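# Inside the fold
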Amino acid sequence: MKNPDYDQLISPSRRNLMKFAGVGALGAAAGLAACSDSASATAPAPATAANVTAPAVNPDGIAIMSANENPYGPSPMAVEAMSKELNNLNRYAYPLTQAFAEKVAAREGVLPEQVLVTNGSSPILAAFSDYVNVKGGEIVTSAITYEGVPRVAEQAGTKVVYMPLTQDLGYDLEAISAAIGPNTGAVYICNPNNPTGRTIEPAKLKAFIEDASAKVPVFIDEAYMDMADDYPAGVMSEFVSAGKPVIVARTFSKIYAMAGQRLGYGIMPADMAMAMRKTGRLSSVNHLGLVAGMASLDDKAYFDDMRLKMIKGREKLIAMANDLGRPYAPNPQGNFIYMDLGMNNQEFADKMLEKGVKVVGSRWADKPEWTRICVGLDHEIEKCHAAAKEILTAI
């Protein structure tokens, strides 16, 4: 049964323009048709690559090896769908948000009101941090992980308990479990972990979630799961479907190459999603991002191709580290590696930039001589390799 509050708050607005979007995907399409001359965005037509231009390649430009982006460009179907929707950008995307939530819900095996759609996944991480702050309690996580949740939590005054990694830079689930106590408000796990790229074996993670979620909410950030060897076995949506206090977040900025368009979602208990919507701080979701996201989800050939390209790019980074003789976090599963430089990481980043390569500097204080290097185009990886070899052989 539909929750009327959900229909009003799926995308908060002072004018309550989503009142017609609670009737499902068909109602959403009808609502969009009433607002514009075209309802094509709610169900993008199949497209080809005929009129899609590949990302510009500038061999002399800065090689971007710092942002964990997809350098290969978005789905041709997504580009085509966006191009057809340009004349409708004067309209808010409320009906599209509903249609997208229903599409995601069907894929994930949850209800639409359990899907929180945002501009990228970062707003979900921040909203969850605020949620824990309001409810009270500490957040337990890893000492070296993505900062989205802990950074916002600490800025709001929430205490974050950081547990050390294992010797091979993996999550210490036993230590995290032991740290959960009466003062704990939630647990945050990024799997694959950013910046190490390490994953947790699916059976072990499921056992951990089963135990931990009986005590506190557990947030699983799956930004990079699409490109992991454990995909789809490592996906943890089943706990949300089962009614556990578990949040699973995904982004379209990585494998779907939409970092500049911003789209993400989280699946979670409906009451938790409602609490986050009611803050009114998530804003409406960008129109073209929703159009591109819906088309991308339908483009399985693109998804499969991107998985292969990301894996091959990652293998080239591993080969680079081996050639340089530098240790790295074993068996990385994202679109990046985490490498021991043997020198200060900010100094390394400055020297690399002088040679036209941008890498991460002093971001994770616990490892001042380690850096994360992400997949780039072939010529960017080659440029990075040559620059790193010149710098590291001089130390």
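Nothing here was measured: the structure is a model prediction, and the numbers come from that model.

## Notes on the sheet that holds strand S6 (residues 218-221)
Sheet architecture is open: seven strands sit in the order S2-S8-S7-S6-S5-S3-S4, paired in mixed fashion. Two strands lie at the open edges of the sheet, namely strand S2 (115-118) and strand S4 (160-163), each paired on one side alone. With direction set aside, neighbouring strand axes in the sheet form an average angle of 20°. In this sheet, strand S8 (residues 264-267) lies alongside strand S7 (residues 246-251) in antiparallel orientation, the contact comprising four bridges. Across the sheet, residue arginine 250 finds its bridge partner in S8, namely tyrosine 265. Here helix H6 (residues 148-155) sits on the sheet and contacts strand S3 (138-142), S4 and strand S5 (184-190); the angle it forms with S4, its principal contact strand, is near 145°.

## With respect to unusual backbone geometry
Residue proline 192 is bonded to the preceding asparagine 191 through a cis peptide linkage, with omega at 0°. Secondary-structure assignment places proline 192 in the loop between S5 and helix H8 (202-212). Positive phi, normally seen in glycine, also occurs at leucine 169, with a value near 65°. You can see leucine 169 is positioned in the loop between S4 and helix H7 (173-179). Of the residues examined, leucine 169 reaches a relative accessible area of 7% and is grouped as buried. The backbone of arginine 262 shows a phi angle near 65°, a positive value even though the residue is not glycine. With respect to the element layout, arginine 262 can be found in the loop between S7 and S8.

## Some details on helix H5 (residues 122-135)
Look at H5: 20 Å from first C-alpha to last across 14 residues, which is about the 20 Å you get at 1.5 Å a residue. Taken residue by residue, H5 has Ile124, Leu125, Ala127, Phe128, Ser129, Asp130, Tyr131 and Val132 as its buried positions. Directly beyond the C-terminal end of H5, a positive phi value near 95° is found at glycine 136.

## A closer look at the packing of helix H12 (residues 300-324) against helix H14 (residues 378-392)
The contact between H12 and H14 brings their axes to 10 Å, and the two run at 15°. With respect to their mutual orientation, H12 and H14 come out roughly parallel. Our pair here, H12 against H14, has a crossing hand that is right-handed. Here H12 contributes Gly313, Lys316, Leu317, Met320, Asp323 and Leu324 to the contact with H14, which in turn contributes Asp378, Ile381, Cys384, His385, Ala388, Lys389 and Leu392. Taken together, the residues of the contact of H12 with H14 break down into seven nonpolar, two polar and four charged.

## Some points on the pattern of salt bridges
In the structure shown here, the tally under the stated rule is 16 salt bridges. In this structure, the salt-bridge partner of aspartate 211 is lysine 215, at a minimum N-O distance of 3.3 Å. Two residues, glutamate 222 and arginine 250, come together in a salt bridge whose shortest N-O distance is 2.4 Å. Of this pair, glutamate 222 sits in the loop between S6 and helix H9 (237-241) while arginine 250 sits in strand S7; the two residues are 28 residues apart in sequence, bridging distant segments of the chain. Through salt bridges with shared partners, a single ionic network connects Glu108, Glu222 and Arg250.

## Re the environment of methionine 339
With respect to the helices, strands and loops of the structure, methionine 339 is situated in strand S9 (residues 336-340). Sequence-wise, methionine 339 and arginine 326 are 13 residues apart; in three dimensions their C-alpha atoms are separated by 6.7 Å. Those residues in contact with methionine 339 that lie beyond four places of it in its chain are Ala321, Leu324, Arg326, Pro327, Tyr328, Glu369, Trp370, Thr371, Ile373 and Leu392.

## Describing the pairing of S9
Here S9 lies mainly inside the structure; five of its five residues are buried. The alternating pattern of S9 places Phe336, Tyr338 and Asp340 on one face and Ile337 and Met339 on the opposite face, and all of these are buried. Relative to strand S11 (residues 370-374), S9 runs antiparallel, the two sharing five bridges. Following the sheet pairing, isoleucine 337 is matched in S11 by isoleucine 373.

## Brief notes about the nonpolar core
Counting residues in hydrophobic clusters, the biggest one holds 111 residues, and the most contacted among them are Phe100 and Phe128. Leaving out residues up to four positions away in the same chain, phenylalanine 100 has contacts with Val117, Phe252, Leu263, Tyr265, Leu290, Gly293, Met294 and Leu297. One finds Ala329, Tyr338, Trp364 and Trp370 within the second-largest nonpolar core, a separate group that totals eight residues.

Rules behind the numbers
- Once a new chain begins, its residue numbering starts again from 1 and follows that chain's sequence as written.
- Where local features are concerned, this predicted model is filtered to residues with pLDDT of at least 70; where side-chain atom pairs are given and counted, the filter is 80 or more; whole-chain, interface and lining totals use all residues.
- Values shown for side chains rest on all heavy atoms present in the structure; no hydrogens or waters enter the calculation.
- If DSSP finds at least two bridges between two strands, the strands pair.
- Counting from the N terminus, the helices are the DSSP runs of H or I reaching at least four residues and the strands are the DSSP runs of E reaching at least two.
- To get an axis, a line is fitted to the C-alpha atoms, and for a helix only the part in contact is used. The angle between two axes follows their N-to-C directions and goes from 0 to 180 degrees.
- Residue contacts are defined here by distance: any two heavy atoms, one from each residue, within 4.5 Å place the two residues in contact.
- Three exposure classes are used, based on accessible area relative to the maximum for each residue type with a 1.4 Å probe and protein chains only: buried under 20%, partly exposed in between, and exposed over 50%.
- Each residue after the first adds 1.5 Å to the expected span of a helix.
- Each angle receives one of four descriptions, namely roughly parallel if under 35 degrees, roughly antiparallel if over 145, roughly perpendicular if within 65 to 115, and oblique otherwise.
- If you view the pair so one helix is near and one far, a crossing is left-handed when the near helix is turned anticlockwise from the far one by less than a right angle, and right-handed when it is turned clockwise.
- When residues are grouped by polarity, Ala, Val, Leu, Ile, Met, Phe, Trp, Tyr, Cys and Pro land in nonpolar, Asp, Glu, Lys and Arg in charged, and all others, Gly among them, in polar.
- The salt bridge criterion pairs a side-chain nitrogen of Lys or Arg with a carboxyl oxygen of Asp or Glu, the two atoms within 4 Å.
- The set of buried Ala, Val, Leu, Ile, Met, Phe, Trp, Tyr and Cys residues whose side-chain atoms join them within 4.5 Å is what this entry labels a nonpolar core.

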